[in-house]
Every structure is written in C-alpha cells, then in structure tokens.
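Listed here are the chains, written in short residue letters.
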Amino acid sequence: MSKAPPLRLGVNVDHVATLRNARGGARPDPVRLALAAIAAGADGITAHLREDRRHIRDGDMARLKAEISKPLNFEMAATDDMLSISLATKPHAVCLVPERRQELTTEGGLDVVGQHNVLSPFIARLSDAGIRVSLFIAADPRQIEMAAKLKAPVIEIHTGGWCDAVGDGHADKAASEWKRIVEGAKLAQAAGLEVHAGHGLDYETAEAISVLPEIRELNIGYYMIGEALFVGIDETVRAMRAAMERGRARAQGATSA
Ligand code: PXP
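An unreviewed UniProt entry lists the protein under the name Pyridoxine 5'-phosphate synthase, with Bradyrhizobium jicamae as the source organism. According to its UniProt record, the protein has this under Catalytic activity (unreviewed entry): "3-amino-2-oxopropyl phosphate + 1-deoxy-D-xylulose 5-phosphate = pyridoxine 5'-phosphate + phosphate + 2 H2O + H(+)". In UniProt, the protein has this text filed under Subunit (unreviewed entry): "Homooctamer; tetramer of dimers."

Enquirer: So what's going on with the packing of aromatic side chains? Residues and values would help.
Expert: Overall, the coordinates contain two aromatic pairs when judged by the stated rule. Each ring, one from Trp162 and one from Trp178, has its centre 5.1 Å from the other, and the planes form 35 degrees; the classification is tilted. Separated by 16 residues along the polypeptide, Trp162 in helix H7 (residues 160-167) and Trp178 in helix H8 (residues 171-190) bring together distant segments of the chain. When its relative accessible area of 5% is taken as the criterion, Trp162 is described as buried. Summarising the aromatic geometry, the rings of Tyr203 and Tyr223 are spaced 5.1 Å apart at their centres and angled 90 degrees between planes, so their arrangement reads as edge-to-face. Here the residue Tyr203 occupies a position in helix H9 (residues 203-209), and Tyr223 occupies one in helix H10 (residues 222-231), the gap between them amounting to 20 residues.

Enquirer: Can you tell me about the environment of Leu229, naming the residues and giving the values?
Expert: Topologically, Leu229 is positioned in helix H10. What makes Leu229 exposed here is its relative accessible area of 64%. Spatially, the C-alpha atoms of Leu229 and Arg246 are 24 Å apart, while their sequence positions differ by 17 residues.

Enquirer: Tell me about the site of the ligand, and please be specific about residues and values.
Expert: Near the ligand lie 14 residues; those nearest to it are Glu75, Glu156, Gly200, Gly221 and Tyr222. Here an oxygen atom of the ligand and a side-chain polar atom of Asn12 are 3.4 Å apart. Coverage of the ligand by the protein chains reaches 95% of its 400 Å² of free accessible surface.

Enquirer: Let's hear about the sheet that holds strand S8 (residues 215-220): which residues, and what values?
Expert: Strands sit in the order S1-S2-S3-S4-S5-S6-S7-S8 around a closed barrel of eight strands; the barrel is parallel. Strand-to-strand twist of the sheet, defined as the mean angle between neighbouring strand axes without regard to direction, takes the value 25 degrees. With four bridges joining them, strand S3 (residues 72-76) and strand S4 (residues 93-96) adopt parallel strand pairing. Considered in S4, the bridge of Met76 is made with Leu96. Against the sheet, helix H4 (residues 80-89) contacts S3 and S4, and its axis sits at roughly 170 degrees relative to S3.

Enquirer: Help me get a handle on H4, residues and values and all.
Expert: Looking at H4, one finds that the buried residues are Met82, Leu83, Ile85, Ser86 and Thr89. Considering only its buried residues, H4 is in contact with helix H3 (58-67), S3, S4 and helix H5 (116-128). With its phi angle positive at about 55 degrees, Lys90 sits one or two positions after the end of H4.

Rules used in this analysis
Residues numbered from 1 in each chain as written. Predicted model: local features only at pLDDT ≥ 70, side-chain atom pairs only at ≥ 80, totals over all residues. Heavy atoms only, no water. UniProt positions renumbered as here; feature names shortened; annotations may be inferred. Phe/Tyr/Trp six-rings, centres within 6.5 Å; stacked < 30°, edge-to-face > 60°. Helix = DSSP H or I, 4+ residues; strand = E, 2+ residues; numbered from the N terminus. Buried < 20%, exposed > 50% of the residue type's maximum accessible area, 1.4 Å probe, protein only. Near = heavy atom within 4 Å. Polar contact = N/O pair within 3.5 Å; in protein donor to acceptor, adjacent residues only side chain to side chain. Areas by Shrake-Rupley, 256 points an atom, 1.4 Å probe, with all protein chains shown as cover. Pairing = 2+ DSSP bridges. Axes fitted to C-alpha atoms, helices over the stretch in contact; angles between N-to-C directions. Contact = heavy atoms within 4.5 Å.

Dropping the structure here:
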C-alpha cells in the first residue's frame, strides 16, 4: 500500500484577536501569534473576517498577508463587501463559510445546494483572480456533489458536530458523525476535490481524523489558542503536529492521489 499523503496544519488566529479586542488595544497581536506558529511548524494561517469584525479586523488581514511566509486562508461569508476585500488582499485561499451575527462560532456548513446560483459567479471571480476557493460544508453527499459541480477545488468538512459528540461522551452520535465524515471524505476525493477538515478539533480528535488519508489539511484555532495560554504556541503546535503524525502513521494510504 502507498503511504498516506502529507497532512498540513493551518492555525486559526481569530481568538487572539478576540482577546485583544476585549480591551480595545493592540495586544495580544494575532500576527505575532501567526509568526510564532509558523516558526514552530504550522503550514498556514487562517483568519475569519466577520461582517461584525468581532475578532479579526481588516488591518489584521492586510498585515497577515504582508508579514507571514506561509499561505493565508481568508475565511469569509459570500458577500460583495468580502469579495472586494479578498480580491484586494489576494490571499492564497478563501474559505467560504455561512455567517449569522447571533452565532458564537460557525455553527453549520454552507448550504451550497440552496445557494448554488449565488455561489457560482462568486467562486468564478475568486478563481479567476488566482485564489483557491474552499467551501466549508457538512459531510453531506448532496453538498459534496454540488461543491464539485461548482468547480471549487477544495472542501473543508465541518467537524464540529463530531467533536462535540466525542467531547460530550455521546458515543452513538459520535459514531454516526464519524461515519458521515469517513464516507464524505472518500466521496469528495473521488469527485476530484481536495479535502480539508476543521472546527472543534483538539489533540484527540485531530489524531483520530488524521487516520483518513483523503484529508490533506486541518484548520484548528480555539483549542490551540487555549492550550497556548498554558504551554505557549510553540509547544502547542509541536504537540498538535505530533498528534497528527500519530494518526497519519496509522493511515494505510489507500488514496489514488
Ligand atoms: N475552519 C473553519 C472554516 C472555521 O470556521 C473555523 C472556526 O473559525 C475553524 C476551522 C476552526 O475551528 P476551531 O476554532 O473550533 O478550531
């Protein structure tokens, strides 16, 4: 059997900005955290510019693009305002997410089936500008098939429901969510999509999901920023990479990629 392909770690720095904004000043600086995460071995940085700017601000995105040496993954809702900002910023990738003002975090996947008419020209504009588009969706076969039809090169599978079920000890729900992720990752790869995953991952769930050879990138924020408060971001990145490598070592690389 062939070896599973490498798995990248993207670190989401939103919640450094949450902490900064609590006092309205300039510290702690999410760009400084991004640089430290990269120095410790992160493969990329993710930041979500929300409509209400509750954490990352426009200036953070511009500085991340200017100052980091690894790919920037710009998370955003599919709005005209965000399209203009992302086209001006020219990140490596844009990850399109659903957004509601009242939510605490990105609670569900994007409904690409329901919104395909709106998303199609949106994806084309970003792709024409050389930006890699990723769609943050549930591991639902209809959503995955539509993502492929929309010619997005990447999907990111929303792992929040699975991680919550694992964390809450709901074994049946965890097992059914896991099955959905396993089948979704296979279906997406067969449809020609590159598969990423993220939301709610910690050391345990990151290790478990790294077993799936179809998954090429994990994007992780909240848990890592919380851990970094205790042991620093260097140690957190190293420990997360070690967890991913333990999982990858168990993957019997059944991929065609
Ligand atoms: N990927 C996407 C698309 C997200 O919206 C988020 C949350 O901002 C993450 C990954 C990271 O999730 P978490 O902060 O729970 O690790």
